[in-house]
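Secondary and tertiary structure notes
The chain contents come next:
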Amino acid sequence: MYQLIEKLYPICRSITGEGNRKTLRILQEIIPLKIQEVPTGTKVFDWTVPKEWNIRDAYIMDSKGNKIIDFKKSNLHVLNYSMPVQKKVSYNELKEHIFTLPEKPDWIPYRTSYYKENWGFCMSHNQFMELREDEEYEVFIDSSLSDGSLTYGEYYIRGDKDDEILFSTHICHPSLCNDNLSGIAVCTYLARHLSEMKTRYSYRFLFIPGTIGSITWLAKNEDKVKNIKGGLVVACIGDGGGFTYKRSRRGISEMDRAVENVLKHSGRNYQVRDFIPYGYDERQYCSPGFNLPVGCLMRTPHGEYPEYHTSGDNLELVHPDNLKESFDILLSIIDLIENNRKYINTNPKCEPQLGRRGLYDMIGGTNRKEKELAMLWVLNMSDGERSLLDISERSGCNFDLINKVANILKEKDLLRGVEVV
Amino acid sequence: MYQLIEKLYPICRSITGEGNRKTLRILQEIIPLKIQEVPTGTKVFDWTVPKEWNIRDAYIMDSKGNKIIDFKKSNLHVLNYSMPVQKKVSYNELKEHIFTLPEKPDWIPYRTSYYKENWGFCMSHNQFMELREDEEYEVFIDSSLSDGSLTYGEYYIRGDKDDEILFSTHICHPSLCNDNLSGIAVCTYLARHLSEMKTRYSYRFLFIPGTIGSITWLAKNEDKVKNIKGGLVVACIGDGGGFTYKRSRRGISEMDRAVENVLKHSGRNYQVRDFIPYGYDERQYCSPGFNLPVGCLMRTPHGEYPEYHTSGDNLELVHPDNLKESFDILLSIIDLIENNRKYINTNPKCEPQLGRRGLYDMIGGTNRKEKELAMLWVLNMSDGERSLLDISERSGCNFDLINKVANILKEKDLLRGVEVV
Amino acid sequence: MYQLIEKLYPICRSITGEGNRKTLRILQEIIPLKIQEVPTGTKVFDWTVPKEWNIRDAYIMDSKGNKIIDFKKSNLHVLNYSMPVQKKVSYNELKEHIFTLPEKPDWIPYRTSYYKENWGFCMSHNQFMELREDEEYEVFIDSSLSDGSLTYGEYYIRGDKDDEILFSTHICHPSLCNDNLSGIAVCTYLARHLSEMKTRYSYRFLFIPGTIGSITWLAKNEDKVKNIKGGLVVACIGDGGGFTYKRSRRGISEMDRAVENVLKHSGRNYQVRDFIPYGYDERQYCSPGFNLPVGCLMRTPHGEYPEYHTSGDNLELVHPDNLKESFDILLSIIDLIENNRKYINTNPKCEPQLGRRGLYDMIGGTNRKEKELAMLWVLNMSDGERSLLDISERSGCNFDLINKVANILKEKDLLRGVEVV
C-alpha cells in the first residue's frame, strides 16, 4: 500500500483530467476496475459535469530567468483548475494570485478554484517573503479547460446477494498523501482481498473525485441505490492518529453499529462522531433523498492535523503500519457484516445440556470461562430477533468470539440459522 | 414595566375584590383587556366561586391610642380574607391572631385564609417582640365577605390560526413585587407588543387570581381548550436570579422544547425542571383532564428566595433590567414558535450547488462558516418531517440562524414550506 | 430462621438423595409443602433426571488407623456425587482425587461431579500439606448412585387471582449456610407469613436442586407458566453485605421495577445488575422459550465473597439480623406488587378541593408537606394508565406513601380503582 502511494504521489490529480486517468490505470494493475468517463456538460441532479482540466507545466520566473516556482517540483504550486496564463506581471499584480500560509511558513498550501475561473500559484510563506517588490515576474501556466469528461473508477465484486456494501474514496487531490492517497491505497488492496474471498454480500468500490464524483455516480446509478445495505467513505486513513468514525445520517444502521463494535474491541484509540452535513462524499450519500447508511472512517479527521491540505501531507505523514492497521480494521468490519446473522435456539426452553455434548471441553483454551459465558449468551439471546451483533453489544463479548461459539453451537444443532431480511 | 409595578404596588389584591378590579383597570390603560366577573356561588368543577372580600381599613391600637399596626401603611399587615373584627383583646388573645417570621425578624409575612374564616394580623417579629403582655389592644378590621364576584382580565389577540398560545399570570397578591407584579407587568407589555404584530398563532393573556382563577377560566371555557397549542404561566420574573423553566406535564411539547432552546442559546444562567403537581396555575392547566402543554417560566422559583411572601418582596427586589431581559426571553420564545415550520428540500438527492446561486456570498459576515454549515443542516434535515426546532436541536445551531438561512434557501426555491399540522 | 439454618446445616444435600428429603421434611414442620418425586430417567427438555445419590460414610485412613478425613465431621470432605470406593492407595494416586484451596489454606472447598463419574475428597490445604508421600492410605466412600428420584418441595398459596408470584430457592448444597440455607430459611418463613395473609396474587414457593430442579419443574409444569406474573430466585441472602438485585432478562418487568423501588427507598446499600445468562435458576426461568420476569435477589453475589463454596460459608457467616432484613425487603416487594394498582382521578379537570374534604388535616403528621405533595402526585398522574409504582418512580415518593394517600383519596371518592390487566 505504501509503495502504491509512493507511485501515485507525483501525479497531479484534480476533479477531472489526465492525472486521474493515469492514477486509475495504475490501480488497474492491482484490481480490474472499470474506468468510467462522463462527458462535460452532463446534468447530474442540480450540478453539471465541468470542463476537463489539464496542465502540462507552470512556473514563475524572475527577470534573471530563474524559475522561482516550478510546477515540476510540486504540483501543489499551481492553484488547482487554474486558467492558462503567460505574461509579465508586477510584484503587486502577482501578489493577488499568490496563496501562502503565514502561520505555517514552510508549507505550500493546496488550493482549488473549480467553479470560478481564476489563475494562481501557491508557495511557502517563507519563499513569498523573499519576492522583491521592485521585480517583474513572468507567470506561465500551460493548462487547458475544455470539453472532455469526468473520470472515475468503479469495481464491483459480486457476492451471493444483490445487497451490496459500498466503499467510496476520493481521488481528486494532487500530491497529498494522507488526504487521500491513503484512502485510495487501502481501498485498492481491500478490494483485491475481497475479490479473492467468497462473500455473502456484493461489494462496490468507487474511486471518484470528491463531491462532483459521488453526485455523478448517484445520478447515473439511481437504480443501484436500493441495493446499498451500508457503506463507508474512506479517507485520511494513513496517519498515526486514533480512528475517527463519523456516523451515517441514520446513526444506528448496521454499518454504524458494526464500525463502532469493531473499534470498541480493537484496543485502538478511537472516537465516534454523529453525522454532520459537512465533510467528504458521505454528504451526498446521506442527502435526504438517498439517506444511505454510509458513514466515514478516518484516522485524524480532515482539518484537524496541521499538515492538512499543505505540502506537509507528504510521504512522511503516512506510514505502512498505519495503513496495515486501517486495512485490518476495515477487514474486521467486513467480517462482522458478513457474519452477522440471526439464529434460533433449537432448545429454547431451559438451557441445553452442554456437558454431554462435550461443549465445555470443545471450547477449551485459556479463556474458557469467557467462551462458556459467550455460549450461554448466544443461546439465551438467539430468539430469531437478535443478530450476533445485537448479542455482542448486549453481552460485551467481542463479535469474533460470539460468532465462533455460534458456529460451534450450530454444528451441534443447538442453533438454526435465520436469514437477516 | 417597572413604572406599572410602582403604580400597582400599593393596591390590596386578593382572590376577589375591588383591588383586583382597580388593578385590571390600570392594565386597561395599556391593553384593551376584558374584565370578566363570575358571581359568588358559581360552580367551577369541584370548586365554588367564594364570597367577595373587601377591606377598607385595619389597625391594632394600644391603650394610649397609638396605631401600632396600620393597614394603610402596608396591606400585608392584615391576614388576607380576614373577617371583620372590632374589639379589645388581651395580649394573649391577640397573640393567637398574629403572624410573624422569627427567622426574618424585619419582614412582615404575607398570609391568607381564603377558605377558613378567621381574622389576623401580620407584623415583623421585631415589632411583635415589643408588644406588652400587660397591655390591652384594640383590634379593628373593616372588611366584608359577601356575595359578589371573582374578577379576572382576559385579552385575546387573533392571529392567522385558531391555534392559540396562552399566557397566564396571577393577580391575587397584594403588595408583593416579584410575586407577582413582575408577571403582570411583563405579560401586559408582551400583550401590547404582540397586538402590534401580525402573528401566525392567536394569543390569549389571562390575569387571574391563583388557583380559583384558572379553575374558573377552564370551567367556563372548556370549548376553547382544544385550541391551546402551548402556554406559559409567568411569575416571579423580575428578580436578579437566573431563569427557571418548569416543564409542562407533557415535558417534551413544542412549548417545552422552545423554551429550553431559547434559554440554552440565551447566554443566561438557567435551569430546567420537570413538572411537579405543586406550584402556580400550571397545576390546573396540567391536571390530567386537560394535560395542556403549559409550563411555567420564572427567575428564582417561589419559595427559593428569602424575600418570598414577605414585605421584603418589594420595589427593590425587582429591577427594570431584569424585567426587560425576561420580556426579551419571552419574545424569543414567541418568535421561535411563530417561525417553527417544516420545509421540504426541493433537491433532496445530493446537495444543491450553492455556489452558482451565490449562496456562499449571500451569507457573508464574520461567522460565514457557521452560516454555511447551518445552510447544509437545513438542507440535509428538511425532509418534511423535521421542524426548524428539530434542526436547531440536532445541529446545535441557534434557532435564529436556522430560521434565517431557511428563509434564504426558501427564496432560492431550494426549500418548500410544509405547514405544521 | 437462624434456628432452622442450624438444624439444616449438618445434613448432606445434593441434587438428589435422602438429605434433600430430610431437609424438606423439616420444612414441612413449618409450612405444608408438597414433596415431589421425579423418577430417575425422566426426560426434562434436553436433560434427564439423574440417578439418585446417597452417602452414608466416608473417610481417609492412614496406615496407623487414624481417620485423617471423616465425612461425619464435615460432609464437604466428599466430592458431591462421588462413586463408592474402598481401596488402599499411594500418596500419588490419592493426590489425584484431592481438592484443596491453596489460596485459602484453612478452608475445605465444596466440589461436585454430578455428570461425570468420579470419586474424590476435599480438604483444607493445610491438612493436605501434612500428608506423607511415603504413606499408603485407605480411602472409603460408602455411597450409592442408583435409580431413584429427584426430590423437590413445592408450596402453592392460592390468592384472589390465578396470576402468581414465584419464589425459587435451591436446596442442593450440603453444609453451606449462606449458599443456600439462608435462601431456604427466608423463603420458608416468607411462605408461612403469606399463608396467613389474604393476597391478591397466588404465590408459589419452590425448594429445588439447582439447574436440574428448575428444569424439571418447568418441564412438568408448562401449563402453569402462563400464570407467572413475576418471580425471584432467592439465594445468598444471610450475609452482611448490601443487597444485589439481578434483573430478569426482560429487565423492566413489574417485578424488576418493584425490587428496584423497594431497594431504592430501603435505606440499605444495594446494587442492581442487568441479566446475564450465568448464575442460579433464573438462567432457566429466563431462557428464551420462557423469558419469565424472574430476577434474583442476593446480598453478596455468588463467587464474590471469600467464603463462597468453602467450609467458611458456615453458621458464622449468616446472622439473624441479616435474615430478618432480607425477609423484610422481600415482604416490602410483595407488599408493593400486591398494592400496585391503577386508579382514575374522578375529578380530572383541575385539582379537587382537598381542603373542604379535610384532606389537609387528615394527612397530618410531621411530614405533612411530603404527604400533601404525594396526594397531588397521585391525583395528577392517576389517568388510568399509570400504576402507583409508575407514580412512585415519577414522583420520587416511596411506594408506601403513595399507596397510603391513594387509599385516603379512594375513601373520599376522589379515585376510582382500575384493575391492572
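Sequence order as written defines the numbering, with residues in each chain counted from 1. Chains and ligands are labelled by the order in which they are written, letters from A for the one and numbers from 1 for the other. Reporting in this predicted model follows two pLDDT cut-offs: at least 70 for local features of residues, and 80 or more for side-chain atom pairs to be given and counted; totals over whole chains, interfaces and linings ignore these cut-offs and use all residues.

Quick look at the packing of helix H7 (residues 254-264) of chain B against helix H12 (residues 388-395) of chain B
All names here are of chain B. Angles here are taken between N-to-C directions and fall from 0 to 180 degrees, while the axes themselves are lines fitted to C-alpha atoms, restricted in helices to the stretch in contact. The numbering of helices and of strands both runs from the N terminus, where a helix is a DSSP run of H or I of at least 4 residues and a strand a run of E of at least 2. Two elements in contact, H7 and H12, have axes whose closest approach is 11 Å; the angle formed by their N-to-C orientations is 45°. Between H7 and H12, the angle falls in the class oblique. As for the relative orientation of H7 and H12, their crossing is left-handed in sense. Across the interface between the two elements, Glu254, Arg257, Ala258 and Asn261 from H7 touch Leu389, Ser392 and Glu393 from H12. The residue inventory of the contact of H7 with H12, partitioned by class, reads two nonpolar, two polar and three charged. Between 65 and 115 degrees an angle is taken as roughly perpendicular, under 35 as roughly parallel, over 145 as roughly antiparallel, and anywhere else as oblique. Left-handed describes a crossing in which the near helix is turned anticlockwise from the far one by less than a right angle; the clockwise case is right-handed. Contact criterion: two residues are in contact if their C-beta atoms, reconstructed from the backbone, are within 7 Å. Basically, the charged four are Asp, Glu, Lys and Arg, the nonpolar ten are Ala, Val, Leu, Ile, Met, Phe, Trp, Tyr, Cys and Pro, and anything else, Gly included, counts as polar.

Some details on the relation of the copies chain C and chain B
We superpose the copies by least squares over the C-alpha atoms of residues that have a pLDDT of at least 70 in both of them. The operation relating chain C to chain B is a screw motion whose rotation component is 120°, with 0.0 Å of axial translation and a residual RMSD of 0.0 Å. What we have between these two chains is a three-fold relation. Within chain C, isoleucine 252 of chain C has its C-alpha nearest the rotation axis, a separation of 13 Å.

Topic: the packing of helix H12 (residues 388-395) of chain C against helix H13 (residues 399-411) of chain C
All names here are of chain C. Packing of H12 against H13 leaves a shortest axis separation of 9 Å and a crossing angle of 125°. Between H12 and H13, the angle is such that the two are oblique. Note on packing geometry: the crossing formed by H12 with H13 is right-handed. Here Leu388, Leu389, Ile391 and Ser392 of H12 come into contact with H13, specifically with Phe399, Ile402, Asn403 and Ala406. Among the residues making up the contact of H12 with H13, the classes are represented as six nonpolar, two polar and no charged.

What to know about the environment of isoleucine 15 of chain C
Residues and elements named next belong to chain C. Relative to the assigned elements, isoleucine 15 resides in the loop between helix H1 (2-8) and helix H2 (18-28). Three classes are used. A residue is buried when 20 or more other C-beta atoms lie within 10 Å of its own, exposed when 12 or fewer do, and partly exposed in between, with C-beta atoms placed from the backbone. According to the C-beta neighbour criterion, isoleucine 15 is buried, with 28 such atoms within 10 Å. Sequence separation between isoleucine 15 and glycine 210 is 195 residues, and the spatial gap between their C-alpha atoms is 7.1 Å. Setting aside its immediate chain neighbours within four residues, isoleucine 15 contacts Pro50, Tyr114, Leu150, Cys172, Pro209 and Ile212.

Examining the interface of chain C and chain B
Taken residue by residue, the interface counts 16 residues in chain C and 14 residues in chain B. Take the side of chain C that touches chain B: its biggest share by element is four residues, from helix H11 (residues 368-381) of chain C. Of the residues contributing to the side of chain C that touches chain B, the split by class is six nonpolar, six polar and four charged.

Overview of the sheet that holds strand E15 (residues 270-273) of chain A
Residues and elements named next belong to chain A. Any two strands with at least two DSSP bridges between them are considered paired. The strand order across the open sheet built from eight strands is E1-E10-E12-E11-E13-E16-E14-E15, with neighbouring strands paired in mixed fashion. Lying at the two open borders of the sheet, with one neighbouring strand each, are strand E1 (34-39) and E15. Each strand axis lies, on average, 20° off the axis of its neighbour in the sheet, ignoring direction. Sheet topology places strand E14 (residues 243-246) next to strand E16 (residues 294-298); three bridges connect them, and they run antiparallel. Bridging across to E16, lysine 246 finds its partner in cysteine 296.

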